[in-house]
Amino acid sequence: MTKIAIFASGSGSNAENIVRYFKAHSSVSVALILTNNADAYVLERARKLHIPSVVFSKKEMNEGDSVLKLLKENNIAWVILAGFLLKIPDNIIAAYSDRILNIHPALLPKYGGKGMYGSRVHEAVVASGEEESGITIHYVNAHYDKGQILFQTACRVLPTDSADDVASKVHALEYEYFPKVIDEVIASKKR
Ligand code: GRF
């Protein structure tokens with residue numbers, strides 16, 4: 001069984017969607033949900049979904065190997081970032097080279113980089129008068145949102161759309177495509 005760990009910092013709707021997608025999967029399962037935020041709603045989602053969860057501090061992740069050791073102890077093969085707001089430290093990047101995926105709620109390279117997350121992204125898209133937005137799924141390397149892009153798909157942005165309207169359209173794409181792309185990428189690495 002290929003085991004996945006999901007990192008999330010907030011609500012965790014993508015994490016829940018991924019867990020549900022792999023619930024009945026024959027060879028991939030979500031084994032662990034990790035967060036840097038003890039108040040993150042993703043912890044409640046993990047509890048209801050019966051997925052073990054771990055809270056760690058930014059300091060614990062960035063100093064020493066405790067988070068990396070936890071991943072290895074749980075035989076984690078893939079790390080999925082789903083609304084995780086911290087930069088992944090080099091030790092985890094090195095141990096999981098081309099095995100960490102992130103989803104960004106815009107069409108990178110536009111509207112990416114440090115500080116561009118959540119509603120800030122959609123507000124910037126609307127403020128710029130863009131006619132489309134979308135999602136980007138990419139490998140994670142040592143630089144924010146700069147890893148090899150694996151998948152992108154777009155949605156229309158109407159002049160009357162608010163940032164919340166764009167967020168809803170982007171979330172719909174995330175829920176439809178992120179689990180499928182994870183499934184396909186893992187299968188492709190097995191061949
Ligand atoms: C999503 O929009 C995702 O693209 C971005 O952070 C948001 C997380 O939302 N990385 P949720 O916590 O999965 O509801």
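Everything below is about the structure shown above.
Keep in mind that what you see is a predicted model, and the values were worked out from it rather than measured.

Here is what the cut-offs are and how they apply
Residues numbered from 1 in each chain as written. Predicted model: local features only at pLDDT ≥ 70, side-chain atom pairs only at ≥ 80, totals over all residues. Heavy atoms only, no water. Salt bridge = Lys/Arg side-chain N within 4 Å of Asp/Glu carboxyl O. Helix = DSSP H or I, 4+ residues; strand = E, 2+ residues; numbered from the N terminus. Buried < 20%, exposed > 50% of the residue type's maximum accessible area, 1.4 Å probe, protein only. Near = heavy atom within 4 Å. Polar contact = N/O pair within 3.5 Å; in protein donor to acceptor, adjacent residues only side chain to side chain. 1 Å grid on protein atoms, 1.4 Å probe; cavity = no way out; pocket = protein on both sides within 12 Å on 5 of 7 lines; lining within 4 Å. Sits in = over half its atoms within 2 Å of the grid points. Nonpolar A, V, L, I, M, F, W, Y, C, P; charged D, E, K, R; others polar. Contact = heavy atoms within 4.5 Å. Pairing = 2+ DSSP bridges. Axes fitted to C-alpha atoms, helices over the stretch in contact; angles between N-to-C directions.

Caption draft 1: Up close: the pattern of salt bridges. The full count for this structure, using the stated rule, is 7 salt bridges. Salt-bridge contacts for Arg-45 lead to Glu-16; the nearest nitrogen and oxygen are separated by 2.7 Å. Residue Arg-45 is located in helix H2 (residues 42-49), and its partner Glu-16 is located in helix H1 (residues 13-22); the two are separated by 29 residues in the primary sequence. Residue Arg-45 shares its accessibility class with Glu-16, and that shared class is buried. A salt bridge links Lys-59 to Glu-63; its shortest N-O distance comes to 2.8 Å. You can call Lys-59 exposed: its relative accessible area is 55%.

Caption draft 2: Highlighting the site of the ligand. As a matter of local geometry, the ligand sits amid Ser-11, Gly-12, Ser-13, Asn-14, Gly-83, Ile-103, Pro-105, His-171 and Glu-174. In the environment of the ligand, an oxygen atom lies 2.5 Å from a nitrogen or oxygen atom belonging to the side chain of Ser-13. A distance of 2.3 Å separates an oxygen atom of the ligand from a polar atom in the side chain of Glu-174. Of the pockets mapped on this structure, the ligand occupies the largest pocket. Here the residues of the shell around the ligand sort into 2 nonpolar, 6 polar and 1 charged.

Caption draft 3: Up close: the environment of His-171. Looking at where His-171 falls in the secondary structure, it is placed in helix H7 (residues 163-190). For His-171, a relative accessible area of 32% gives the class partly exposed. Sequence separation of His-171 and Val-30 is 141 residues, and the distance between their C-alpha atoms is 20 Å. Residues within four places of His-171 in sequence aside, it is in contact with Ser-13 and Asn-14. Here Glu-174 takes part through its side chain, which lies 2.7 Å from a polar atom of the side chain of His-171.

Caption draft 4: Representation of the sheet that holds strand S3 (residues 53-55) in the model. Taken in spatial order, the 7 strands line up as S3-S2-S1-S4-S5-S6-S7 in an open sheet, and their pairing is mixed. Two strands bound the open sheet, and with one partner strand each, they are S3 and strand S7 (149-156). Across the sheet, the axes of successive neighbouring strands diverge by a mean angle of 20°, strand direction being ignored. In this sheet, strand S6 (residues 132-139) lies alongside strand S5 (residues 100-104) in antiparallel orientation, the contact comprising 4 bridges. In the sheet register, His-104 faces S6, and the bridge partner there is Thr-136. Across the face of the sheet, H2 comes into contact with strand S2 (28-35) and S3 while running at roughly 145° to S2.

Caption draft 5: Broad picture of the environment of His-50. Along the chain, His-50 falls in the loop between H2 and S3. Assessed through its relative accessible area of 71%, His-50 is described here as exposed. Sequence separation of His-50 and Arg-20 is 30 residues, and the distance between their C-alpha atoms is 11 Å.

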